[in-house]
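Structural overview
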Amino acid sequence: MKNTKLSYLAIIIFHALLALIIFIIPFFSKIYALLIVLVGVILIIRNKNRNNEVLFVSAYLVGAEVFLRMTGGNFNNEYAKFCVIGFMFIGLIYSNFSKSALIYLFFLTLLIPSILITTNYQDTQIDIKRVLFFNLSGPLCLAICSIYVFGRKITLDDLQKLLLVMGFPIISTTVYLFVYTPNIQDVVTGTQSNFETSGGFGPNQVSTILGLGMFIFFTQIILFSKSKIELLMNGGLLVFISYRGIVTFSRGGIITGVVMIICLLFLLYYFSNAKGRSKFTLVFVLTIALGVGIWVYSSFQTRGLIEKRYANKDAIGREKKDRLGGREEIMDADIALFLDNPIFGVGAGLSKEKRADQLGVAIASHNEVTRLFSEHGLMGIFALLIIGVTPFVFYVENKQHLYFLSFYFFWLLTINHAAMRTAAPAFVYALCLLSVQIKIPEETEN
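Calculation criteria
- Position numbers for residues start from 1 in each chain and track the written sequence from start to end.
- Only residues with pLDDT of at least 70 are given local features in this predicted model, and only at 80 or more are side-chain atom pairs given and counted; all residues enter the totals for whole chains, interfaces and linings.
- Computation of side-chain values: all heavy atoms of the structure, hydrogens and water removed.
- Cysteine sulfur atoms are paired as a disulfide whenever they fall within 2.5 Å.
- Relative accessible area decides the class of each residue, using a 1.4 Å probe on protein chains only: under 20% of the type maximum gives buried, over 50% gives exposed, and in between gives partly exposed.
- Within this document, salt bridges are pairs made up of a side-chain nitrogen of Lys or Arg and a carboxyl oxygen of Asp or Glu, the two lying within 4 Å of each other.
- Secondary structure elements follow DSSP: runs of H or I no shorter than four residues count as helices, runs of E no shorter than two count as strands, and numbering proceeds from the N terminus.
- The definition of a nonpolar core used throughout is a set of buried Ala, Val, Leu, Ile, Met, Phe, Trp, Tyr and Cys residues joined through side-chain atoms within 4.5 Å.
- When checking whether two residues touch, look at their non-hydrogen atoms; a contact exists if any pair is within 4.5 Å.
- A helix is expected to span 1.5 Å for every residue after the first.
- The directions from the helix axis to the C-beta atoms are what the arc is built from.

For the structure on display, the rule yields 0 disulfides. Free cysteine: Cys141, not disulfide-bonded; nearest cysteine sulfur from Cys145 at 4.0 Å. Judged by its relative accessible area of 0%, Cys141 is buried. You can see Cys263 has no disulfide; the closest cysteine sulfur is in Cys432, sitting 10 Å from it. On the basis of relative accessibility, which here comes to 10%, the residue Cys263 falls in the buried class.

So this is what it looks like as structure tokens:
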């Protein structure tokens, strides 16, 4: 046990130091990005993916993606997604996949008509290849991850290890934010999303990954902290990550993290016996108390502006006209494009340009749902139904998956406020399809 504690603490310290090194030597971020992929491929090939190394390596890269992007480590915006897709293909070489997973191949097939529309679009000012990569890398990543993961067996303990592997780079992200902006009060002057408190990167994506980190270390606290030292370490990480997530002033990721925690508590309570439910009173009280404490401290550090942000008010307390940061106009424009092109949509990736005629400016959609409607028409609606319903059909025979609802709502809420800019929603969605068992029975010996 002592060795386990030491290794866990050592990994945490390593990732904290990594953030400091990259802050001092930014170029090291690119080396870090290369090392993740290189070491990952070596691990998968050397072990022939016997222990699902593909999932662990992918999880680590997904957790590190935002950190790499904010520090200039990514070689392009789709680096993490295509690397994860590559890992999955290597995994499929070593491991078989369920025939039921081919439903996700059909999902990709439904997107082909709008791709053909885009490839035949006559506008020399648009880089067709870049537009397609940007808008289809997310759905492609989701489909390939889902094909690999569908029905793959894993124990709850190994699933938690997988989450921890994803969470370690999020520690680096949080430490980097503290170093980048040590004094929140110096940079918070309004209630809009704050790039200064987000490491100079997009607050929406930073809050998304920090919200996921909140969930990861909350699960570690209530289910897998086996000593007071581990409890304190995980509690401290939860507090630090939650606080830095809140002060990004981007609400989507934090609300998503809270919903994930509520979903987990609901399933734990639902499947507990009478004795277990009686203990939940203390868990609920402590969770609420911790949340209130983090919120009060965040409010103090932002001089009450964070409360106005979540109340949809500006710095002087006036209610804002829009509740979604201007996204309502984009969603309305997407729906209008769908109504004008209901069968095949306007073409994959072309809604941004078409929307410019309505709004006067070309703005990328933050909502993957309305983007699918506008760009893929009825084919997009069918595609969304497939990926929306399939996990629940599989869950009927997979009730031991305690994180199912949490993963599902992370994907659903994230694609509604941050689209699929990062690999996280695609990968976490695929984790819904794991066949989770409290313990996989060993084969009977003769």
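Resuming the write-up.
Applying the stated criterion to the full structure yields 5 salt bridges. We note a salt bridge from Arg69 to Glu65, for which the minimum N-O separation is 3.7 Å. Of this pair, Arg69 and Glu65 are both found in helix α3 (residues 53-70), 4 residues apart, which corresponds to roughly one turn of the helix. Arg69 sits in the buried class, given a relative accessible area of 16%. One salt-bridge network, held together by shared partners, links Glu368, Arg371 and Glu375.

So, on to the nonpolar core. Tyr403 and Phe407 are the most contacted members of the largest nonpolar core, which totals 132 residues. For Tyr403, the residues in contact, after removing those within four places along its chain, are Leu156, Leu159, Gln160, Leu163, Phe215, Thr219, Leu223, Phe224 and Leu264.

Moving on: helix α14 (residues 327-340). Residue pairs spaced three or four apart in an α-helix point in one direction, given the helix's 3.6 residues per turn. Along its 14 residues, α14 runs 20 Å from first to last C-alpha, staying within 8% of the 20 Å computed at 1.5 Å per residue. Considered for burial, the residues of α14 that qualify are Ile330, Ala333, Asp334, Leu337 and Phe338. Viewed end-on, α14 has its buried residues packed into an arc of 145°, placing them on one side of the element. Among the exposed residues of α14, those pointing more than 90 degrees away from its buried face are Glu329, Asp332 and Leu339.

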